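# Remarks on the overall topology
Read off the chains here:
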Amino acid sequence: MDHQTVPQVSVTCGLEPAPDVSDVAVHVHEDPPRGACWSPVATVAAAALRRTSTLSLPRPRMAVDPSHEKGRPMARSGHQPVGPVDSHLLSDPDAVLAVLNATRAFLRVTSREETVEILHAVIAELDGEVVPAAPDGASETSDQPTDDVSLGVGEPMHVVTLTPSRAPIVEHLPALLRDAALASDRADEMAAGRAKDALTGVVSQGRIAARLGAAKSGAVVCILDLDGFKRINERYGHLAGDATLRRFGKHLRDGTRPGDFVARAGGDEFLVIIEGDVEISAAYRRMSGLAAAWAQAEQHISSVSIGVAAVGEAGPTQAAAAADRAMYRAKRSGLGVEIARDSDESQVSGSLVNETFEAYFKGLVNADTLQSSRALSRGAEQGMSQQALVQGVIGRAQSAVGAGWATGDWGIAEEHAATLVAEQALTLLSPPPPRSPTAVRVVMACAEGEMHSMPVRMAAQLARSADLDIVVLGGSMPAADLGASLRILTPAVLGLSVTVATNLIGAHRCILQARAVGIRVIVGGAAWGTSQHRAQRLGASLMLREVSELARYVHEGGVPDLGADPAPLDDEAILLERPPPELMQDAVELWCSRQQTAPSSSQRHDALEALDWVARHAAAAVACDDASVLGDLVESQVRAAGKQGEDLRAIRDVYDALADALTAAAPCAADMLRSIGARLARAQAGQGPGDQLRSE
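Computed from a predicted structure; not experimentally measured.

On to the overall build of the chain. Along the chain, the regular secondary structure elements total 25 helices and 14 strands. For the chain, with 696 residues in total, the buried portion stands at 46%. Across the chain, every contact between residues at least 6 apart in sequence was considered, and the portion connecting residues at least 24 apart equals 72%. Within the structure as shown, the chain displays about 33,500 Å² of accessible surface, and the carbon and sulfur contribution to it stands at 52%.

With that out of the way, let us pick up the packing of helix 20 (residues 581–593) against helix 23 (residues 649–661). One can describe the packing of helix 20 onto helix 23 by two numbers: an axis separation of 8 Å at closest approach and a directional angle of 130°. By the angle between their directions, the pair helix 20 and helix 23 is classed as oblique. The two elements helix 20 and helix 23 meet at a crossing, and its hand is right-handed. Counting all contacts with helix 20, which are made through L583, M584, A587, L590 and W591, the residues of helix 23 involved are D653, V654, A657, L658, D660 and A661. Of the residues contributing to the contact of helix 20 with helix 23, the split by class is nine nonpolar, no polar and two charged.

For the rest of this paragraph, the subject is the pairing of strand 5 (residues 220–227). With eight of eight residues buried, strand 5 lies mostly within the body of the structure. Of the two faces of strand 5, the one carrying V220, C222, L224 and L226 and the one carrying V221, I223, D225 and D227 are both buried. Relative to strand 7 (residues 269–274), strand 5 runs antiparallel, the two being bridged by six bridges. Its bridge partner being in strand 7, V220 is matched across the sheet by I274. Sheet topology places strand 5 next to strand 8 (residues 303–310); eight bridges connect them, and they run antiparallel. The partner of C222 across the bridge, within strand 8, is V308.

Pairing is parallel across the open sheet formed by five strands, whose spatial order is 11-10-12-13-14. Each having just a single partner strand, strand 11 (468–474) and strand 14 (542–543) make up the two edges of the open sheet. Summarising the sheet, strand 10 (residues 440–446) and strand 12 (residues 493–497) pair through five bridges and their orientation is parallel. Bridge pairing in strand 12 links A445 to L496.

One finds L496, W528 and Y655 to be the most contacted residues of the largest nonpolar core, which totals 71 residues. In terms of residue count, the dominant contributor to this core is helix 21 (residues 601–624) (eleven residues). Ignoring any residue separated from it by four or fewer positions in sequence, one finds Y655 in contact with V614, L630, L633, V634, Q637, L673, I676 and L680. L376, A425, M454 and L542 belong to the second largest nonpolar core, which has 43 residues in total.

To continue, consider the pattern of salt bridges. Oppositely charged side chains are able to pair whenever their charged atoms sit close together. Under the defined criterion, the tally for this structure stands at 22 salt bridges. The closest approach of N and O atoms between D185 and R112, which form a salt bridge, is 3.1 Å. A residue pair is termed long-range when its members are at least 10 positions apart, and D185 in helix 4 (residues 168–195) and R112 in helix 3 (residues 112–125) qualify at 73 residues. When the shortest N-O distance is used, the salt bridge between D626 and R534 registers 2.9 Å. Of this pair, D626 sits in the loop between helix 21 and helix 22 (628–644) while R534 is found in helix 17 (residues 533–537), placing the two residues 92 residues apart along the sequence. Each of the two residues, D626 as well as R534, counts as buried. Residues joined by salt bridges that share partners form a network here, namely E448, R509, E577 and R578.

Turning our attention to the confidence of the model for the chain. For the chain, the mean per-residue pLDDT works out to 77, and 77% of the residues sit at or above 70. Segment residues 1–89 is flagged for pLDDT under 50; beyond a separation of four residues in sequence, or across chains, it makes 171 contacts in the model. Low pLDDT, under 50, characterises residues 343–348; the stretch is placed with twelve contacts to residues that sit more than four places away or in other chains.

Quick look at the environment of L126 now. On the secondary structure map, L126 appears in the loop between helix 3 and strand 3 (129–132). A relative accessible area of 1% places L126 in the buried class. Taking the C-alpha atoms as reference points, L126 and A167, 41 residues apart in sequence, are found 6.7 Å from one another. Every residue in contact with L126, bar those within four places of it in the chain, is listed here: A95, A98, V99, A167, P168, I169, H172 and L176.

Parameters and conventions
- Residues numbered from 1 in each chain as written.
- Predicted model: local features only at pLDDT ≥ 70, side-chain atom pairs only at ≥ 80, totals over all residues.
- Heavy atoms only, no water.
- Helix = DSSP H or I, 4+ residues; strand = E, 2+ residues; numbered from the N terminus.
- Buried < 20%, exposed > 50% of the residue type's maximum accessible area, 1.4 Å probe, protein only.
- Contact = heavy atoms within 4.5 Å.
- Areas by Shrake-Rupley, 256 points an atom, 1.4 Å probe, with all protein chains shown as cover.
- Axes fitted to C-alpha atoms, helices over the stretch in contact; angles between N-to-C directions.
- Parallel < 35°, antiparallel > 145°, perpendicular 65-115°, else oblique.
- Left-handed = near helix turned anticlockwise from the far one by under 90°.
- Nonpolar A, V, L, I, M, F, W, Y, C, P; charged D, E, K, R; others polar.
- Pairing = 2+ DSSP bridges.
- Core = buried A, V, L, I, M, F, W, Y, C linked by side-chain atoms within 4.5 Å.
- Salt bridge = Lys/Arg side-chain N within 4 Å of Asp/Glu carboxyl O.
- pLDDT = per-residue confidence, 0-100.

Printed below as a string of structure tokens:
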């Protein structure tokens, strides 16, 4: 029979490296091909597929080995052929699918502990329970599995089941253990490979965060950076640059003590931690000798600048930042080694932040990325931390741009150009320290409809510096897609950003998706106001104003539990989120009736847009049971009108016309709008808008 007509059913789940191990490979055969080597789990799944069509598997792929017959899958080294499968193993397709999914998960593990977690989860799914192994000499039940399922992590563990003769785990456990052992061994090999930097022979960047975080008071942190390394690469080529790094790595290993931690932080920058109760002067002398010996060995073609800082009450991360600033001072002065000053432990001066902001903002106004980037670089060299640069400069500038857009001083084109400059400048900032293996995963996203992704990117930049494993999903995440991503990523917390109040209802849908999978939500952004009311009303666990608070709450376990489910959205909020055209047309006619002269078609169009914008804010106000949502909006409208010399009556007409149009369909929203109209009337009469527009 020609190969193309053979019924197609077989699966391989081998754990050897393959060009694409992101999915289990599905191959096409009725019987195991000559020379094929499948894992036991794969064989069970393959036979199951002959008996059922209910399993959902990846799209079939064919891997062909020309040494075999046409169309036959290639063999995978290390696997032995498996014989026929007993039919009683295949009576439960759900069990087979659970085993297959576990094997797929084994392909992605990065640690032995992660493998154990997956193994124990599938054991529970297959009606087994993992319990400590019986003490030596104690009797074991003869019909229970006796395999150790700890994989060497912690104490030995066994599997027990109430129905040993029928539980799927009894038959599938040997195959699962075999694949889990292979995955664990590979994870161990990968971890060993990551421990050392291949070029320099010192510890790799990925190990810095954990070791730095464990440094105790009295230790000394040193930051080392090669001088003129870029010139070496440009003049002599990258091979010469690599050779220089290789020599410097050996120089560091030879010039430090066995107990010192020596790592490559990236590029031509290195980090040394001298443990113990070390005098800063002694560390300075050691680093000075190391720098002098390097310059002499390199015949002064290459030198090194070093910053030295003691770990104090502020902790090792602050010591590393102080050492980094001292290193830059050493580089500028040409002294080779600098000790961190006491002022390095405190915040940089407000004047420096303001000077940096003014230079950066000037580049932003001119859409000059180079000018803005230079301003950030100068600020960093003068001691500004990444937090000061992100929040005090980039974030402050973005707020100014947003305010300018709200008042009409900035057009959409200028706002987009400024955002592009900010994104490029943010990319140029020095990368945060690598996360430790114990970093807590946090997903950050913009709520459905929220297109302003810069706040999320800035928050992620700062949060990564606090040893959080940040996954950024970007702007306007549809709630259903966000829920699917959360099921895959399984973070401890979802951080949800909303800057425009009209997107609070989309945030509510996103929060419900997160709650459905048991994930707590921390929210932030201007749309949430200044209290916890809106966040709690829509089902979030917490509203935070500062990213630094996020790390504290997550690390200290201070994020509140989910609590009771939020109240469902009011019918009025659902109606006004996307106002019906006929309703808005009625509002336009009511607005026209308030005008002294018949409006033109262009004026009617502008009025329709204004009415729609206010209606969407009214939807958010009703959803949050918070009239101040509309108060915030009218405040910004009044400020814009004042700058443009417009009469407040134009704003008042919009609110009054919309209130009249909504009297029957949305009475609660109509009452809020009339209240705003009354305040505008008093302000128009000469009382002044002030804060009363928002707070009354």
